[in-house]
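Examining the three-dimensional arrangement
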Amino acid sequence: MQPAPLDPTGHLQREGSLGSVQPEFAAVVAAARERVAEAYGARLHSAYLYGSVPRGTARPGRSDLDLLLALHHEPTHDDRDTAEVLARGLDEDFAVIDGVGILLYGRDTLLSEQERYDTGWFLACLCTPLLGADLAEHLPRYRPDSRLARETNGDLAVLLPRWRDRVRAASTPAEYRRLSRHLSRHLVRTGFTLVMPRWGGWTSDLAESAEIFGRYYPERAAQMRAAAAVALDPVADPAVLHAYTEDLGPWLAAEYTARHGTKPPRP
């Protein structure tokens, strides 16, 4: 397991492409492009795919469709309502996907200094252009260094109290499964970015991320491998969520802060 290739200058290369979309997902991607353009019209600057679909690793009937939309202005309540309707419609019309996630940002936020090594990096390296002019052309190149680690996932300590509140509020198997998928994905990605500068590359594969993490923290390897499995096959077990918020999460947050520092708070 070697780090993903960097470009000749040592910067991360963009992952995913429209050409990597599997045939089973071509129709839903085409529908997403058409519906996003129709729903937002002149308000939309550009749209992007991210996740397993543009990487060509999506599982029919089990993977979700992830979109990032950049608007010319900061998103309003109406814009967010539109995104919810759009996501629900795509999910209902295409059985090949299991859920739709839509992130909304204003163009100026994505290009801001504050977001340059967080959502800016995310767009430039992990998002595949679907509509409009690519904002990555206005962003820098990125290295897998400690600064990138801090700015992307250095806020786990801030998130943990919110996670605990969500776990306490959950009561149905469906809610537990949704939380287990969300929390496990976040923990595995945070575990990977903790060791990313030492490994020297990037991967979005959760199982691979857990294995790479385990090289550097063998005492926590089994927990991270288990979290990667839950990320792919969510469970309705409150005990799993409790272990995330009371054991693995707090340890990971403390280790992350010690090694990379804390992500500056956002407004």
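Right, let's walk through the structure included here.

Rules behind the numbers
Residues numbered from 1 in each chain as written. Predicted model: local features only at pLDDT ≥ 70, side-chain atom pairs only at ≥ 80, totals over all residues. Heavy atoms only, no water. Helix = DSSP H or I, 4+ residues; strand = E, 2+ residues; numbered from the N terminus. Contact = heavy atoms within 4.5 Å. Salt bridge = Lys/Arg side-chain N within 4 Å of Asp/Glu carboxyl O. Buried < 20%, exposed > 50% of the residue type's maximum accessible area, 1.4 Å probe, protein only. Pairing = 2+ DSSP bridges. Axes fitted to C-alpha atoms, helices over the stretch in contact; angles between N-to-C directions. Expected span 1.5 Å × (residues − 1).

**Side note on the environment of Leu 12**
- Along the chain, Leu 12 turns up in the segment before helix H1 (26-40).
- The sequence separation of Leu 12 and Gly 200 amounts to 188 residues, and the corresponding C-alpha distance is 9.7 Å.
- Beyond its immediate stretch of four places on either side in the chain, Leu 12 contacts Leu 6, Trp 121, Cys 125, Arg 141, Tyr 142, Arg 143, Pro 144, Leu 148, Gly 201 and Trp 202.

**Quick look at the pattern of salt bridges**
- Per the counting criterion, the structure on display carries 16 salt bridges.
- For the salt bridge of Glu 211 with Arg 225, the shortest nitrogen-to-oxygen distance reads 3.9 Å. Placement of the pair is Glu 211 in helix H9 (residues 206-216) and Arg 225 in helix H10 (residues 221-232), with a sequence separation of 14 residues.
- Judged by relative accessible area, which is 39%, Arg 225 ranks as partly exposed.

**Here's the deal with the side chain of Ser 52**
- Counting through the fold element by element, Ser 52 comes out in helix H2 (residues 52-55).
- In this structure Ser 52 comes out as buried when scored by relative accessible area, which is 13%.
- With residues up to four places along the chain from it excluded, the contact list for Ser 52 reads Thr 57, Ala 58, Ser 63 and Asp 64.

**Side note on the environment of Ala 221**
- Note on placement: Ala 221 falls in helix H10.
- Look at Ala 221 and you get buried, because its relative accessible area is 7%.
- Apart from the residues within four sequence positions on either side, Ala 221 is in contact with Phe 213 and Gly 214.

**Description of helix H5 (residues 119-126)**
- Of all 8 residues in H5, 8 are buried; the element is thus mostly enclosed.
- Buried residues along H5 sit in contact with strand S1 (44-50), strand S2 (65-71), strand S3 (100-106), helix H4 (107-110), strand S4 (127-132) and helix H6 (146-153).

**Examining the sheet that holds S3**
- Here 4 strands make up an open sheet; going across it, the order is S3-S2-S1-S4 and the pairing mixed. At either end of the open sheet lies a strand with only one pairing partner, and these are S3 and S4. Direction aside, the axes of adjacent strands within the sheet are offset by 25° on average.
- Across the sheet, H1 is in contact with S1, S2, S3 and S4; its angle to S2 comes to roughly 30°.
- Here H5 sits on the sheet in contact with S1, S2, S3 and S4, set at roughly 85° to S4.

**Observations concerning H1**
- Given a rise of 1.5 Å per residue, 15 residues ought to cover 21 Å, and the 21 Å separating the end C-alpha atoms of H1 matches this to within 8%.
- At its buried positions, H1 is contacted by S1, H2, S2, helix H3 (77-93), S3 and S4.

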